[in-house]
Amino acid sequence: MKTDSLLIRIGLGFYLVLFFTYLLGPLVLMSITAFNSPSFPQATPWEVLTFEWFNVLYNDARIVNGIKNSFIIGFFTVILSVIMGLAGALVLTQIWPKIRATFYTIIIAPILIPGVVLGISTLVFWDRVNVMLGLPNDSFLHNGILLTVLGQSTFIASYCMLVFVARLQRYDLGLTEAALDLGATHTQAFRKIQLPFLAPAIGSASVLAFLASFENYNTTTFTFGKYPTLTIELAQKVRYGINPSISALAFIIVCLTVLFALVHEVRNRRVQLAIANGAPVGAVTSGFKLPKIFAGNPVAVVLALFVAVAVAVISYAQFYDPEPAKAIILQEKRAAQQLRIEELQRKLKDKRLQKNLKGPDIFNEGKSKIPKLEEKKQKTPFGSGIFSPNNLNKVAPGAETPAPAPKPASPFGSVFDPTNLNKVAPKE
Amino acid sequence: MSEGVGVDLENVWIRFGDFVAVREANVQINGGEFFSFLGPSGCGKTTILRAVSGFLEPSDGNVLIGGNNMAGFGPNERPTALIFQNLALFPLMKVWENIAFSMEVRGASAGERRKRADELLDMIALSGQGDKLPSELSGGQKQRVAIARALCAEPDVLLLDEPLSALDLKLRQHMRSELREIQKRVGITFIYITHDQGEALTMSDSVAVMKAGIIDQIADGKSIYDDPATAFVASFVGENNVFRGKVKSVSKDSAIIETNRTGNLRARISSDNQGKLKVGDDAMMFIRPEALDISTNDTSSDTRIKARVTHSEFEGQSYHVFLEGTEGKEMKMSLINRGEDRMYERGKELYLDFDANQAVALPAGELASE
Ligand SMILES: Nc1ncnc2c1ncn2[C@@H]1O[C@H](COP(=O)(O)OP(=O)(O)OP(=O)(O)O)[C@@H](O)[C@H]1O
Ligand SMILES: [Mg+2]
């Protein structure tokens, strides 16, 4: 029995570790690469702590512009989607209860339709409208921001509607009736009674809509026109190879998310605590009382730690200069590379010599030579320039089949890094 | 009393599709009256109230308030205020904001509203609690806030939909008298809905008893209890011993009923049915438990029943004796506790007397299921 439960506990622990690694591993790894100096995002080998990628990010006009566009589009998408979603939810729950099922299907459809289709159809539809209205080709209906907002809202409004429907199902229509009975007009009843009740849902729908808009790619890629959003910019960048400024951006986003989540959680807990103790809510929502929070509130502690670490990192970055360390590493790298090159050249010479000596007997010699080559190559550190085309060229003329053999042993890390090519090349 | 605003229902029908919720309702409610609708669950009480307050239009007939036809006027245009079955206090507003909501929508300033709300809070004995949220009040306090909120709108007619049903017995009894007192003070018409007959009888000037969409009787509480118009009313309001049978002979205001199992019994014909009962008709006779008494006489008579005790209960103010007639007819007799021991043992034979004026003969009809 005891071993059984122990086994289960170990298994469970293992599963949890696996689960969280799967969930958070990529984020953590990416955050680490933001502080590593190599110009391709990599966590190992760790070279030098650097903050330059944040600088690079800040100075990357396209990224900054993308963020700006994303915010503008997100803002308008939130407004449009929340209004449409609210209207849909009201119709669904209150106006025609009989056609509810049909209506629900229609409204929910945009969520199920692939974003690509929505993007194309938005483009086509508004182009038609443009033609029908007889507007010029560069009219406002071809504006990338407008089109993107319209396209994204088609399905984000559905998300919002789901949020509102969930809230509205808990709304007592009797409250609206009571307001009407007391002399309120329909508008007054909605504004003074129902809207305040929906306020939390409007908040969450807005956040949801903004996030959905911010991360959208499928639909936006067809509609952005002259206003590429952040996701569009990132996708275009990846095509030409990326550098850790992307990681820096990711790190910032992760931090902001965690911060907001924690703040939200702390607030929630305090309100709940207050309600449980029967205190008026107003007493808790105003003013931050430090010592009281920390009592039995681990989230607040985590939040405080988080803020402290952030402050420490930022202030450290103020005077920390990675340049000397980087220079040292660069020199080490150069030396290592020089050594490798020399070694290769020596080997090449040996081989030529042997070849000349033994003549046409390639089969035997070739077989015995290749493993040797392999051995030596494995000893070289990861991220070396083995795969850079220059190296290949150097080896190729001598041995007939050396290239395929070492491939499996080498890391992928630097293969796709275009900057590696540049780095090695000038040294020849 | 005539200064208040009256409410008239003229031949009102309310249908939901094929379902008739209210059938041919004709009601005159005088200004300043405390009028109750009493009936079992689902009989259409709320529906009538919604028709008066304007949340639904009658399918047929008219609703008149103060003599004016209300057709086409919405709930916010009628001089009524409704207290909902579940109160419907606005949960996000403070108590005083709740109370003064009707002034807020009319554009009154915050100062005015607060002043009026404080006056009303005084009236409902909740002074100083205006800044609480409704969720921070007790059930009875919420109740009073709902009343204050409705009164703040200065309606001519206050409609109350089972406002006390959620309260416990003690509080309910307390609120009954409080409501009655408020009504006397403000002098407006109250239309009160309940399925609790005690509530209806104690508070009302007039009671309408409803059964499945039909109003069976409209009268003051005493008439409803002592002089029911239908078998349903007789069985729904208070307790009654029912004897089924046929009319054997009939005079102007009394009849002899040949009951199925208890022999011939004499009863007064209820005033609504005088002249309608004919010899040979199916009839029902009702005798209240408290109208039965133990007889010292054992000669047979048409106001005397022979029965055997099955068991007795003591309930403080009275004893309840359960009996069985000669052919197994079950009966209940209630005797006021005057200090004698009335715990009769099982099997004891008794003769029960009643006053023919306290027994009511009615045409046979549907009984309340309870
Ligand atoms: N909107 C509606 N659509 C269809 N039927 C309805 C509707 N409202 C009420 N009814 C029906 O009308 C009948 C009367 O309902 P009502 O609410 O008036 O009952 P009530 O007397 O108030 O009962 P209770 O004492 O339980 O509140 C019920 O059978 C109910 O099912
Ligand atoms: Mg009801």
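Placed above this text is the structure.
Residues numbered from 1 in each chain as written. Chains lettered and ligands numbered in written order. Predicted model: local features only at pLDDT ≥ 70, side-chain atom pairs only at ≥ 80, totals over all residues. Heavy atoms only, no water.

Caption draft 1: The arrangement of the overall build of chain B in detail. When helices and strands are counted, chain B shows nine helices and 20 strands. Across the 370 residues that make up chain B, the buried fraction comes to 52%. Residue pairs in contact within chain B that sit at least 24 positions apart in sequence constitute 66% of those at least 6 positions apart. When the accessible area of chain B is evaluated, it comes to approximately 16,600 Å², of which 45% is carbon and sulfur surface. (Helix = DSSP H or I, 4+ residues; strand = E, 2+ residues; numbered from the N terminus. Buried < 20%, exposed > 50% of the residue type's maximum accessible area, 1.4 Å probe, protein only. Contact = heavy atoms within 4.5 Å. Areas by Shrake-Rupley, 256 points an atom, 1.4 Å probe, with all protein chains shown as cover.)

Caption draft 2: Representation of the side chain of Asp216(B). Mapped onto the elements, Asp216(B) comes out in strand β10 (residues 214-219). Once residues lying within four places of it in the same chain are set aside, the contact partners of Asp216(B) are Val209(B), Lys211(B), Ala229(B), Thr230(B), Phe232(B) and Val233(B).

Caption draft 3: Here's a closer look at the interface of chain A and chain B. Contact with chain A, which involves 19 residues of that partner, is made by 24 residues of chain B. Along the contact surface separating chain A from chain B lie two salt bridges. Between Glu104(B) and Lys192(A) there is a salt bridge, and its shortest N-O distance comes to 2.8 Å. Applying the counting rule to chain A against chain B returns six residue pairs in polar contact (both at pLDDT 80 or more). Sorting the residues of the side of chain A that touches chain B by element identifies α7 (173-181) and α8 (186-215) of chain A as the ones contributing at least two each. For the side of chain A that touches chain B, the element with the highest residue contribution is α7(A), accounting for seven residues. (Salt bridge = Lys/Arg side-chain N within 4 Å of Asp/Glu carboxyl O. Polar contact = N/O pair within 3.5 Å; in protein donor to acceptor, adjacent residues only side chain to side chain.)

Caption draft 4: Spatial organisation of the site of ligand 1. All names here are of chain B. Phe16, Phe19, Ala21, Ser41, Gly42, Cys43, Gly44, Lys45, Thr46, Thr47, Gln85 and Glu162 make up every residue found near ligand 1. Backbone polar atom of Gly42 to an oxygen atom of ligand 1: 2.7 Å apart, as the coordinates give it. Between Glu162 and ligand 1, the recorded distance is 2.8 Å, taken from a side-chain N or O atom to an oxygen atom. Broken down by secondary-structure element, the contributors of at least two residues to the shell around ligand 1 are β2 (19-29) and α1 (45-53). Here the shell around ligand 1 gets three residues from one element, more than from any other, and that element is α1. Here the residues of the shell around ligand 1 sort into four nonpolar, six polar and two charged. (Near = heavy atom within 4 Å. Nonpolar A, V, L, I, M, F, W, Y, C, P; charged D, E, K, R; others polar.)

Note that all results are geometric; they support no functional claim without further evidence.
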